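Each chain, written out:
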Amino acid sequence: MEASRRDFLRTTAAAGAAASMGIAPFTDASAAGSADPLFKISVAEYSLHRMIASGELDPLDYGPYCKEKFGVDAVEYWMGPFKDKGKDKAYLGDMHQRSVDAGVEQLLIMVDIHDGTGRLGNPDEAARQKAAEAHYPWVEAAKMMGCHSIRVNAQSEGSREEQQKLVADGLRKLSEFAAPHDINIIVENHGGYSSDGAWLAGVMQIVDLPNCGTLPDFGNFRIRDDQWYDRYQGVEELMPYAKAVSSKSRKFDESGNETQTDFAKMMGIVMDAGYRGYVGIEWEGRDIPEVDGVLLTKKLLEQVRDSLSAPA
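All of these numbers come straight from a predicted model, not from anything done at the bench. (Residues numbered from 1 in each chain as written. Predicted model: local features only at pLDDT ≥ 70, side-chain atom pairs only at ≥ 80, totals over all residues. Heavy atoms only, no water.)

**Student:** Sorry if this is basic, but what is going on with the packing of helix 9 (residues 231–238) against helix 10 (residues 263–272) here?
**Tutor:** A pair of packed helices is characterised by two quantities: the angle between their axes and the separation of those axes. Running from amino to carboxyl end, helix 9 crosses helix 10 at an angle of 15°, the nearest separation of the two axes being 9 Å. Classified by the angle their axes make, helix 9 and helix 10 are roughly parallel. Both helix 9 and helix 10 take part in a crossing whose hand is right-handed. Where helix 9 abuts helix 10, its residues Arg-231, Tyr-232, Val-235 and Glu-236 lie against Lys-265, Met-266, Ile-269 and Val-270. Partitioned by chemical class, the residues of the contact of helix 9 with helix 10 number 5 nonpolar, no polar and 3 charged. (Axes fitted to C-alpha atoms, helices over the stretch in contact; angles between N-to-C directions. Helix = DSSP H or I, 4+ residues; strand = E, 2+ residues; numbered from the N terminus. Parallel < 35°, antiparallel > 145°, perpendicular 65-115°, else oblique. Left-handed = near helix turned anticlockwise from the far one by under 90°. Contact = heavy atoms within 4.5 Å. Nonpolar A, V, L, I, M, F, W, Y, C, P; charged D, E, K, R; others polar.)

Written out as structure tokens, the structure is:
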């Protein structure tokens, strides 16, 4: 009873905070509007990583929580909260079933290299093979949970051309393993040369496998130090290979617009590429609660969707 009371108080407090910022509670847009929206909206688990780290949100309940709190019917997992559970079928099965019971589709698992998986573009061939194999359990976990992809990183060393070939080799090894599982291997622009749209598009061309693609992220275009790649050009270059899209958000102005990315322009690029899949919310801001950041991003995406869907 006490846990239920705490949940109720947290929900009430969050709703009050959102209302004070002009953030309306979610509404079921699919019920009120088109049965076939231009794109659908999902939520990436990293958006709530501080809530999870503090124990406020159990990662097992991530899918049902997003359905109740945000009104979405799909989520993207991040391995961080369960990085030691990649082979734990009981744990993964429990998490999967809770989402299924809530009517939530599980789209992908974001896999990072700092949790022991290694660099897919390692210059040492044996280490590169080992890195590919370290990702195998996450491919199997994604398959078990009904996901279509795992998101990986493209890190290496050497010249621009050398890194491109090395990363392509590691991705090919992993993609070939994932193919019989019907799992895609998708690469996010995530620092280094991977944040160079032309470079990563070139990697895709070298790999040239149908289950190897990209996850364009609106905000991750810092190559190194103060060297940035144009985010709109980068997304345009990565969209031909996209199997998912991440609408990164960090800060909003008083009008409800994201201050670093023109969402209308960016989503126009996404739609022009013919993409009609889920667009994932990945909130990274720190100046407002995570729940409010997700709600603001969802509201903006819905507004942009309505605008793009309106008759010319």
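**Student:** Please clarify how the packing of aromatic side chains should be interpreted in this entry.
**Tutor:** By convention here, two paired aromatic rings are described through the distance between centres and the angle between planes. This structure, assessed with the given rule, holds 11 aromatic pairs. When the centroid spacing of 6.2 Å and the interplanar angle of 90° are considered together, the rings of Tyr-77 and Phe-82 count as edge-to-face. As far as the burial class goes, Tyr-77 and Phe-82 line up, both buried. Measuring from centroid to centroid gives 6.0 Å for Phe-252 and Trp-283, while their planes differ by 20°, and the two rings are stacked. (Phe/Tyr/Trp six-rings, centres within 6.5 Å; stacked < 30°, edge-to-face > 60°. Buried < 20%, exposed > 50% of the residue type's maximum accessible area, 1.4 Å probe, protein only.)

**Student:** What exactly am I supposed to notice about the pairing of strand 5 (residues 184–188) here?
**Tutor:** Within a regular strand, side chains alternate between the sheet's two faces. Where burial is concerned, most of strand 5 is hidden: 5 out of the 5 residues are buried. Where strand 4 (residues 149–152) meets strand 5, 4 bridges bridge the pair, whose relative direction is parallel. Along strand 5, the bridge assignment pairs Arg-151 with Ile-186. The β-α-β motif built from strand 4, the intervening helix 7 (residues 160–178) and the parallel element strand 5 has right-handed crossover chirality. Here 4 bridges tie strand 5 to strand 6 (residues 212–215), and the two strands are oriented parallel to one another. Of the residues in strand 6, the one forming a bridge with Ile-186 is Gly-213. (Pairing = 2+ DSSP bridges. Right-handed = clockwise from strand over helix to strand, strands pointing away.)

**Student:** Before we go on, may I ask you to explain the pattern of salt bridges in this structure?
**Tutor:** Where charged atoms of side chains with opposite charge meet at close range, the side chains can pair. This structure, assessed with the given rule, holds 19 salt bridges. In this structure, Asp-169 and Arg-128 form a salt bridge, with 2.8 Å as the shortest nitrogen-oxygen distance. Here the residue Asp-169 occupies a position in helix 7, and Arg-128 occupies one in helix 6 (residues 125–144), the gap between them amounting to 41 residues. For Asp-169, a relative accessible area of 27% gives the class partly exposed. The exposure class assigned to Arg-128 is buried, which follows from its relative accessible area of 7%. When salt bridges with common partners are traced through the structure, they connect Asp-217, Lys-248, Arg-250, Glu-282 and Glu-284 into a single cluster. (Salt bridge = Lys/Arg side-chain N within 4 Å of Asp/Glu carboxyl O.)

**Student:** I'm lost on helix 5 (residues 89–101) in this one. Help?
**Tutor:** For an α-helix, 3.6 residues make a turn, and residues three or four places apart therefore share a direction. When the terminal C-alpha atoms of helix 5 are compared, their 18 Å separation across 13 residues agrees well with the 18 Å that a helix rising 1.5 Å per residue should span. Of all the positions in helix 5, only Tyr-91, Leu-92, Met-95, His-96 and Ser-99 are classed as buried. Seen end-on, helix 5 carries its buried residues on one side only, within an arc spanning 130°. Exposed and facing more than 90 degrees away from the buried side of helix 5 are Lys-89, Ala-90 and Asp-101. Those residues of helix 5 that are buried are in contact with helix 4 (62–70), strand 2 (74–78), strand 3 (105–110) and helix 6. Positive backbone phi, at 75°, marks Gly-103, one or two positions downstream of helix 5. (Expected span 1.5 Å × (residues − 1). Arc of directions from axis to C-beta.)

**Student:** Where do I start with the environment of Asp-84 in this structure?
**Tutor:** Assignment of secondary structure puts Asp-84 in the loop between strand 2 and helix 5. Considered as a pair, Asp-84 and Gly-116 are 32 residues apart in the sequence and their alpha carbons are 10.0 Å apart.

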